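Here is what each chain is made of, one letter per residue.
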Amino acid sequence: MAFAAEKLQSDDALLDAYSASVADAVDRIGPAVCRIERIGAGGHGSGFVIAQDGLVVTNFHVVGDARAVRVTMPDGAAREGRVLGRDPDTDIALVRADGSFADVAPLGDSKRLRRGQIAIAIGNPLGFEWTVTAGVVSALGRSMRASTGRLIDDVIQTDAALNPGNSGGPLVSSAGEVIGVNTAMIHGAQGIAFAVASNTANFVISEIIRFGRVRRAFIGVSADTTNLPRRAALLSQVTTNTAVRLRSVEKNSPAAKAGLKEGDIIAALDGRPVTGVDDLVRMLDAERIGRETLCTVVRRSGVSQVVVTPVARS
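Residues numbered from 1 in each chain as written. Predicted model: local features only at pLDDT ≥ 70, side-chain atom pairs only at ≥ 80, totals over all residues. Heavy atoms only, no water.

## Some thoughts on the overall build of the protein chain
The helix and strand inventory of the protein chain stands at 6 helices and 20 strands. For a compact globule of 314 residues, the expected C-alpha radius of gyration is about 20 Å, and the protein chain comes in at 21 Å, within 12% of that figure. Summarising its shape, the C-alpha atoms of the protein chain cover approximately 65 × 60 × 35 Å along the three principal directions. Counting every position in the protein chain, which comprises 314 residues, the buried fraction comes to 49%. Of all intrachain contacts in the protein chain linking residues separated by at least 6 positions in sequence, the fraction that spans at least 24 positions is 58%. Where the 35 positive side-chain charges of the protein chain centre and where its 33 negative ones centre are 9 Å apart. (Helix = DSSP H or I, 4+ residues; strand = E, 2+ residues; numbered from the N terminus. Rg over C-alpha atoms; globule rule 2.2 N^0.38 Å. Buried < 20%, exposed > 50% of the residue type's maximum accessible area, 1.4 Å probe, protein only. Contact = heavy atoms within 4.5 Å. Lys, Arg positive; Asp, Glu negative; His and termini not counted. Charge placed at Lys NZ, Arg CZ, Asp CG, Glu CD.)

## A look at the sheet that holds strand S1 (residues 33-38)
Strand order in the closed barrel formed by 6 strands is S1-S2-S3-S6-S5-S4, and the pairing between neighbours is antiparallel. Averaged over neighbouring strand pairs, the angle between their axes works out to 40° when direction is ignored. Two elements, strand S3 (residues 55-58) and strand S6 (residues 92-97), share 4 bridges in a ladder whose sense is antiparallel. Note on S6: the bridge partner recorded for valine 56 is valine 95. Strand contacts of helix H3 (residues 198-211): S3, strand S5 (78-87) and S6, with the helix running at about 55° to S6, the strand carrying the most contacts. (Pairing = 2+ DSSP bridges. Axes fitted to C-alpha atoms, helices over the stretch in contact; angles between N-to-C directions.)

## A short note on the pattern of salt bridges
Counted by the stated rule, this structure contains 12 salt bridges. Across the pair glutamate 37 and arginine 35 runs a salt bridge whose closest N-O atoms are separated by 3.6 Å. For arginine 35, a relative accessible area of 14% puts it in the buried group. Arginine 35 serves as the salt-bridge partner of glutamate 129, at 3.4 Å between the closest nitrogen and oxygen. On the criterion of sequence distance, the pair formed by glutamate 129 in the loop between strand S7 (118-123) and strand S8 (131-145) and arginine 35 in strand S1 is long-range, its members being 94 residues apart. (Salt bridge = Lys/Arg side-chain N within 4 Å of Asp/Glu carboxyl O.)

## Some words on the environment of valine 281
Topologically, valine 281 is positioned in helix H6 (residues 277-283). Remark: the alpha-carbon pair of valine 281 and arginine 216, spanning 65 residues in sequence, is separated by 8.3 Å.

## Focus: the layout of surface pockets
Empty space among the atoms becomes apparent when a probe as large as a water molecule is rolled across them. Computed from the structure, the largest pocket encloses a volume of approximately 560 Å³. What lines the largest pocket is a set of 19 residues, and nearest its centre among them are Leu113, Leu140, Gly141, Thr225 and Thr242. Residues that form the lining of the largest pocket fall into these classes: 6 nonpolar, 8 polar and 5 charged. (1 Å grid on protein atoms, 1.4 Å probe; cavity = no way out; pocket = protein on both sides within 12 Å on 5 of 7 lines; lining within 4 Å. Points joined across faces, edges and corners; volume = space filled by probe spheres on them. Nonpolar A, V, L, I, M, F, W, Y, C, P; charged D, E, K, R; others polar.)

## Thoughts on the sheet that holds strand S10 (residues 170-172)
Read around the closed barrel, 6 strands run S7-S8-S9-S12-S11-S10, paired in antiparallel fashion. In this sheet, neighbouring strand axes are inclined to one another by 50° on average, regardless of whether the strands run parallel or antiparallel. Of the strand pairs in this sheet, S8 and strand S9 (residues 151-158) are connected by 5 bridges, and their pairing is antiparallel. The partner of methionine 144 across the bridge, within S9, is isoleucine 152. In the packing of H3 onto the sheet, the strands contacted are S9, strand S11 (178-185) and strand S12 (193-197), and the crossing angle to S12 comes to about 50°.

## Brief notes about the environment of valine 26
Structurally, the position occupied by valine 26 is in helix H1 (residues 2-29). Taking the C-alpha atoms as reference points, valine 26 and valine 172, 146 residues apart in sequence, are found 8.2 Å from one another.

## Some points on the confidence of the model for the protein chain
Confidence along the protein chain averages 89 in pLDDT terms, with 93% of residues attaining 70 or more. The weakest mean pLDDT in the protein chain belongs to H1 at 74; the strongest belongs to S3 at 98. (pLDDT = per-residue confidence, 0-100.)

## Quick notes on the pairing of strand S15 (residues 242-249)
Remark: a regular strand shows side chains that alternate across the two faces of the sheet. As paired strands, strand S14 (residues 221-227) and S15 are joined by 7 bridges and run antiparallel to one another. Opposite asparagine 227, over in S15, you have threonine 242 as the bridge partner. Sheet analysis places S15 next to strand S16 (residues 265-269), joined by 2 bridges and oriented antiparallel. Residue arginine 245 lies in a different strand from S16, and its bridge partner there is isoleucine 265.

Dropping the structure here:
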């Protein structure tokens, strides 16, 4: 009996610790989560404030082609916002809302995520405002097709319940950092939802702030983050444990013309390690357009150096 009582107390303590982790994360991030509506167009979604001067992150499909949106905070304060930029290729948009904001939601490092880690979604699903759901990170490095037809790489899969209206809201870690931007669920499926990784969102935000749009070099591949065997790391002279495996190579693309093939592992670009898909996306920036880029490629036959010349993404 004593053992059973001790076990019950232990289980209660674990549940209390889990509840406290979720509640603390919600207390930290919740005040920065907002409802976003297109002015005069109807429909709504979610977003979150990332800077006190009113920078708000949401989904491209939430704002669409709208120039102005209404941003409503949990305290009921409604402000007008203008869309600074949008990136359909990653389903990310950036809004500047009027006024100043005391509460912000910091973007975390999605590369540090692990499967099974607590994932908390905050948003406005189906009109139920500032709803909290919790689950875990189900998988990492997924790909999802954007409205433009381009694959969004390095997507987080979670079983936190998402519904229409959650789009654009934050996926939050138990540490109280935004690890993803909730973007989609699979209709008819239970426990399968997706978020754009925070590192990808951070890259898009930086590009929009600097240039008003996202400039990209294009080589014509889709890829997954993969483990890099120690022998391959030594042969390729990189010091990382992960790299990028090509899942497909588009016909007549720069990658295909250079001889890259499905299954190739890219360990480095111009000598800089490529530790994951988000690295590849970030490194293929506008400065590489038209410039020969040396890819360190790991194959069964050994390590090769392949020269690819990216082109501008149309």
